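Coordinate analysis (summary)
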Amino acid sequence: MQEQVREWLEQGKVDIFLGYKKIQGHPLPHCFTRDNLDETDDLIVGNARYSLEKMATKIATEHKELKIGLLVRDCNQRALNVLYVWNQLRPDNIETISVNCCPSKLKEHGDCSYLEPEKAAPLKMMIGIDNNMDVKAAEEFGQEDRYKRWMYELQKCLKCYGCRDICPVCFCKECSLEHTDLIATGSVPPEVPIFHLVRAVHMGGRCIDCGLCEDACPVDIPLRLLYRKVNDIVSDVFDYKTGTSVDQSPFNMLGEEVTLEPKPI
Amino acid sequence: MDFKIIPSVCSYCGTGCGVLFQVMDGRLVDTLPMKTHPVNEGKLCIKGWNLHEHVVSDKRLTSPMLKKNGHLQEASWDDAIQTAVEKLKAIIEAHGPDSVGVLASAKITNEENYLVQKFARAVIGTNNVDHCARL
Ligand code: SF4
Ligand code: SF4
Ligand code: SF4
Ligand code: SF4
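Since this is a predicted model, take the numbers as computed values, not measurements.

**With respect to the site of ligand 3**
Taken together, Cys157, Leu158, Lys159, Cys160, Tyr161, Cys163, Phe195, His196, Cys217, Pro218, Val219 and Ile221 of chain A form the complete shell of residues around ligand 3. The residue inventory of the shell around ligand 3, partitioned by class, reads 10 nonpolar, one polar and one charged.

This is the structure:
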């Protein structure tokens, strides 16, 4: 892997390579360049995931022609696919080196240990939603109980916007979550459940189930589960599996006519 | 093209969350939580997430300001310190050292905070030392 990155940089296949390096004892994202080739010896996979593709998107908006290489786990690759679909990155300018990944519904077996689910505390099991549940189990609560449990989770929100800020596929210049006509300002928690449902709706056909949002949520709201439900609907209605290909998403078709047939439910 | 990730510590409050600054072409463009930091384990509050903004803000003070004729004006450090010394001296002479209070800050280091209280106690002569979080 290190050899390959060195070669890529030397030969000009990529101008920069985003990977990881141990700095002050922490595995941190790092940008490897041609000016510092020996540094490629320090390239590691690292057990802490960051959204390297979000960094690539940021770099590409200012340096359009730059050839960017990056280390990808499965989730990074799925996010890249979505970023290609939504024209945030150009596939011609991206080169990837694949490494092992963490478990996800879209890929059952993986071995990135950092996302090993933590066991939910007894109170959360009793009145909230266990983050490790699957959609089916979460739907088994009676309607009233389910509503109470979700509201318990959502009212913990600190409105830190971490879920959006860390998300590889949240790239809008103006974000609805900050639109004062949609979501009232001035109080914490923000308007629940609207705040979370607005974001959930936007994640239809976009969320690639990387779990970074849930990881960044200081109050442990089961966000990933919420977006899984949304994408189950997308999959049922449009037969579209977000992130698994670079095929057009049913949500970014422009024009007068609907060309995509909804699947009969 | 130059892109760096710089580990640091959030300076907004005393919690001390680990952050990563993203620096593009010498400009601080974004902040991320450090996932492996023992304090925050990859989480931040809204202040931490926007840490880069107060560094690059247009409103950031880049020189001392002195009020002249009712308006704040840029001044040199020498002038600013001289003015502060004169005013503090006059106040202490007229009303005693306990008429002065000193507010320490979470945005400065432990050592600087030590100096702040030393300044209050040994130079001014008061125990009126408190923290900006109790303003
Ligand atoms: S939450 Fe919605 S509007 Fe905001 S950045 Fe994400 S997709 Fe865009
Ligand atoms: S899991 Fe969360 S962070 Fe990852 S793509 Fe979906 S919404 Fe974004
Ligand atoms: S990360 Fe959690 S606490 Fe922060 S805004 Fe999102 S849901 Fe709310
Ligand atoms: S991120 Fe928030 S809690 Fe953490 S040190 Fe900064 S201000 Fe304090």
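Structure's up, so let's keep going.
**Things to note about the sheet that holds strand E2 (residues 26–33) of chain A**
All names here are of chain A. Read across the sheet, four strands follow the order E2-E1-E3-E4 without closing on themselves; strand pairing throughout is mixed. The open sheet has two edge strands with one neighbour each: E2 and strand E4 (94–98). Looking at each pair of strands side by side, their axes are set apart by 35° on average, direction ignored. When strand E3 (residues 68–72) meets E4, the two strands line up parallel, connected through five bridges. Considered in E4, the bridge of Leu70 is made with Thr96.

**What to know about the domain arrangement of chain A**
Residue and element names in this part refer to chain A. One can read the domain layout of chain A as domain 1 (2–98) and domain 2 (117–250). Once you take the C-alpha centre of each, domain 1 and domain 2 turn out to be 28 Å apart. Tallying the contact residues gives 14 residues for domain 1 and 24 residues for domain 2. With both sides pooled, the region where domain 1 packs onto domain 2 buries about 1,500 Å², and carbon together with sulfur makes up 61% of that total. Counting across the interface, domain 1 meets domain 2 through zero salt bridges. There are eight residue pairs in polar contact (both at pLDDT 80 or more) connecting domain 1 and domain 2. For the side of domain 1 that touches domain 2, the secondary structure elements donating two or more residues are helix H2 (52–62) and helix H3 (74–85).

What counts, and where the lines are drawn
- Residues numbered from 1 in each chain as written.
- Chains lettered and ligands numbered in written order.
- Predicted model: local features only at pLDDT ≥ 70, side-chain atom pairs only at ≥ 80, totals over all residues.
- Heavy atoms only, no water.
- Near = heavy atom within 4 Å.
- Nonpolar A, V, L, I, M, F, W, Y, C, P; charged D, E, K, R; others polar.
- Pairing = 2+ DSSP bridges.
- Helix = DSSP H or I, 4+ residues; strand = E, 2+ residues; numbered from the N terminus.
- Axes fitted to C-alpha atoms, helices over the stretch in contact; angles between N-to-C directions.
- Domains from an automatic or database assignment.
- Contact = heavy atoms within 4.5 Å.
- Buried area = accessible area lost by both parts, 1.4 Å probe.
- Salt bridge = Lys/Arg side-chain N within 4 Å of Asp/Glu carboxyl O.
- Polar contact = N/O pair within 3.5 Å; in protein donor to acceptor, adjacent residues only side chain to side chain.

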